[in-house]
Each structure stands twice: as C-alpha cells, then as structure tokens.
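# A closer look at the structure
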Amino acid sequence: MFRIDYDPRANVLDIHVSGFWKPEDVADFARAIGAKAHEARAIRDDFDVMVESLDFPVQANDVADLLTNVMRGGTTLTSGNVAVVVGSQLNRLQAERTLAHPRLKVFLSIDDARHWLDETGQPAGMTQQPAWAMRPAP
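Conventions used here
Residues numbered from 1 in each chain as written. Predicted model: local features only at pLDDT ≥ 70, side-chain atom pairs only at ≥ 80, totals over all residues. Heavy atoms only, no water. Salt bridge = Lys/Arg side-chain N within 4 Å of Asp/Glu carboxyl O. Buried < 20%, exposed > 50% of the residue type's maximum accessible area, 1.4 Å probe, protein only. Helix = DSSP H or I, 4+ residues; strand = E, 2+ residues; numbered from the N terminus. Polar contact = N/O pair within 3.5 Å; in protein donor to acceptor, adjacent residues only side chain to side chain. Pairing = 2+ DSSP bridges. Axes fitted to C-alpha atoms, helices over the stretch in contact; angles between N-to-C directions. Contact = heavy atoms within 4.5 Å.

Inspection of the entire model under this criterion finds 5 salt bridges. For Arg 3, the salt bridge is made with Asp 5, and the minimal N-O distance between the two is 3.2 Å. Arg 3 gets classed as partly exposed once you look at its relative accessible area, which sits at 45%. On the basis of relative accessibility, which here comes to 33%, the residue Asp 5 falls in the partly exposed class.

In structure tokens, the structure reads:
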C-alpha cells in the first residue's frame, strides 16, 4: 500500500504508494508521513520529497480529496521540493489537478523527477524559505 523512507545523505523523503485505497488508508498514510517527516526535520528542514506512484491507479474522488489534504499539510513540513511520479497520463492529470503547489511537479519518469530535484536543490544548510514561514499561524 505505501512505504516511506528518509535518505539523509540525499536529503530526500522517498514515498512509494500502490494499489486502490479506501479513505481509512489515507489516515494511516498521513500518520506515517507525519512521523517520518518529523524524523527528517530533526536532521534538516529543507528535505525534498519523491513520491513514486507508478502502481497507484486513479483513485476515487473521496480518496483523491483526502490525499490532497495530506499533501497540503505535508508541504508545510519542509521547504524543499516535491516530485510526484505517476504511471499514466490520466494519473498525471489527476495529480496536477489535485496536488497543485508551487514547489510540486508531476512526472512520468523517475529519472526526470530525480533530475528536477537535483537541479532545484539548495546548497547544504540553505532553505528556500525559513521553516517558521511555512507553518500556519496559530
């Protein structure tokens, strides 16, 4: 269903998703992302995210909406970029429609996504925006 790993050397949170999800799967996914992002933030707050969803079919609207909320919340946890790799043009259209964000780009190729993250990466210790600016106001 999903796997989440943080690579501190590459400073990338790798997320792999697959299968057709139910709304309750999204809740488990959100908790797992929060825990792993917290681990990554303990090292650096500017980590990039690579979402590999080649085996993730177009989801039902309720699941897609919930995943959009997870992604919106997740982008506040880092000042890095997010590359989403999808398996079809239809998946790409759904992802671009539901996951619109200035630091997010959707790809059909893992190599293209990694290349984009490498090109847009920041020098060690530098962030695009201070972490405090990414957090919602109380």
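Mapped onto the secondary structure, Arg 103 falls in the loop between α3 (89-98) and β5 (104-107). For the pair Arg 103 and Thr 75, spaced 28 residues apart in sequence, the C-alpha to C-alpha distance is 8.3 Å. From its side chain, Arg 103 meets the backbone oxygen of Thr 75 in a polar contact 2.9 Å long.

This part is about the sheet that holds strand β1 (residues 2-7). If you trace the 5 strands from one edge of the open sheet to the other, you get β1-β2-β3-β4-β5, paired in mixed fashion. Of all the strands in the sheet, the pair left with one neighbour each is β1 and β5. The mean angle between the axes of side-by-side strands here comes to 15°, regardless of whether they run parallel or antiparallel. With respect to the sheet, helix α1 (residues 23-41) is in contact with β1 and β2 (12-18), its orientation differing from that of β1 by roughly 10°. This element, helix α4 (residues 110-120), spans β2, β3 (48-55), β4 (82-86) and β5 of the sheet and lies at about 170° to β3.

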